[in-house]
Amino acid sequence: MEKETTMNSPDTYWIGIDVGGTTIKSGVVNREGKILEQVVVDARSKDGPQAAIDQLVFTVNKLLNDRDRSRCAGIGIGCPGVVGLDSDTVSYPPNFTDWHDVKLATEVKNKISLDVVVENDANVAALAEAMHGAGKDCKDFLFVIWGTGVGGGIINDHKIYRGPYGGAGEFGHMSINYDGPPCNCGNIGCIESYIGQRYLSQRTRELLQQFPDSTIKTMVDGNLEKIEPVIIAKAAEQGDKIAIQILEEAGTLLGYALASAMNILDLNVAVIGGGISAAPEFVYDAMKRALQSRILKPHRPYIRVLRATLGNSAGIIGAASLLM
Ligand SMILES: [Zn+2]
C-alpha cells in the first residue's frame, strides 16, 4: 500500500543509472521522463565488479542525500552485456574486467534498500524512446542504436520484448553477407561490421587513397586516424563526394537490414538512435528507399523511420522508466 502512495504522488521520482565502459551516469528522473539532477563518475571498469558497484552506490547516495527518500519509487540500471531474465544478473559486459554472473540489482539493493532492477543498455534506450521520446505514439517498433557498434531493442505493446532467454533485439549481429568482413562478435558479415563507426572510418580511409582531394583530409589536418562519422557527416554537408558516397551506402545497407528484421517482426516503425543517427537527411532517404524496396508489400504504405529524440540522456531516462 505504501508503495502505491509513493507511486501516485506528483513529486515521486525514480533514479536511472547508465553504466558505460568509461563512466557511470546516474540521474533523478520525474514521471514525465525529465532528468532533474545527475551525477557522473568514472566507471573503474578494469578494477572488477566491486569497484564499479561502489562507484554506482556512491552516485545514488549523492542523489538521495538531498532528497526525500520516501518519494523514490526505485532504481533502474542499464548495463552492457547479457542481463538475465531475473532483471538482476549481469554477465560479460564488454570492457568490464572479471564480470561473470554479477547479481547487480541484489548488490545495490543490499546497500540502498530500495527496489532495484537491471536491464540491457540497448533495451533501456529503446524503452526511453518508447515512453518519453520518438516512439511515444507507437505501440510497437524496432529500435536501432547506430554508433561505435550497432545495437537494437524491440518494443512490443509499449514494453521491451526480451525473448525467452533475454537476448532478443541483437540487430547489429544480423549477417547481411555470408562472405563479409569479420565482426567483433566473431561472426562474419554482420551489419555492425559494415556500418559501425570503426568500419565507416576504415572505409573512408581506403577511399581517400583513391581520391586524395576530398575535403575530409583537410578537416582532419591530414591525420586519417582522426576520421570519425561526425567528420564524414560534416564533409558530406559541404558536398564532399566521398563522404556522401560512404554515408549513402551505410544508409542503404541499414535500410536492407531493417527490412529483414521488420519483415520477421511484423513491424512498420523503426527508431534510430546512437551517435551516427544524427547523420544528414539524405542518409535517411537512402535508408527509407532500401527499406521500402525490401519490406514485404503489405507494410509499404505504413513504413516510418524516426530519429531518436533523447540522445545521450536515453540511458538514464530509460533505466528510470524500468520501474515506472
Ligand atoms: Zn557481429
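See above for the structure.
Keep in mind that this is a model prediction, so the values were computed, not measured. (Residues numbered from 1 in each chain as written. Predicted model: local features only at pLDDT ≥ 70, side-chain atom pairs only at ≥ 80, totals over all residues. Heavy atoms only, no water.)

**A look at the nonpolar core**
Piece 1. Of all hydrophobic cores here, the largest spans 44 residues; its most connected members are L142, W146, F171, L258, M262 and I272.
Piece 2. Sorting the residues of this core by element identifies β9 (141–146), β10 (150–156), α5 (192–195), α6 (197–210), α8 (229–237), α9 (241–265), β12 (269–273) and α10 (281–294) as the ones contributing at least two each.
Piece 3. Sorting elements by how many residues they give to this core places α9 first, with eleven residues.
Piece 4. In this structure, I15, L56, C72 and A105 belong to the second largest nonpolar core, which totals 32 residues. (Core = buried A, V, L, I, M, F, W, Y, C linked by side-chain atoms within 4.5 Å. Buried < 20%, exposed > 50% of the residue type's maximum accessible area, 1.4 Å probe, protein only. Helix = DSSP H or I, 4+ residues; strand = E, 2+ residues; numbered from the N terminus.)

**Focus on the coordination of the zinc ion**
Piece 1. Protein coordination at the zinc ion comes from H173 (ND1), C183 (SG), C185 (SG) and C190 (SG), with a distance range of 2.0 to 2.4 Å.
Piece 2. Taken together, the four donor atoms coordinating the zinc ion and their angles of 104 to 121° define a geometry best described as tetrahedral.
Piece 3. Of note, the donors binding the zinc ion are all from one chain and are spaced H-x9-C-x1-C-x4-C.
Piece 4. Note on C183: relative accessible area 9%, which makes it buried.
Piece 5. A relative accessible area of 0% places C190 in the buried class. (Donors = N, O, S within 2.8 Å, 3.2 Å for Na, K, Ca; no water. Tetrahedral: all angles 85-135°; square planar, octahedral: opposite > 155°, others 65-115°.)

**Notes on the sheet that holds strand β5 (residues 82–83)**
Piece 1. The strand order across the open sheet formed by three strands is β5-β6-β7, and the pairing between neighbours is antiparallel. Looking along the sheet, the strands with just one partner apiece sit at the ends: β5 and β7 (102–103).
Piece 2. In terms of strand pairing, strand β6 (residues 89–91) meets β7 through two bridges, oriented antiparallel. Within the sheet, the bridge partner assigned to T89 lies in β7 and is K103. (Pairing = 2+ DSSP bridges.)

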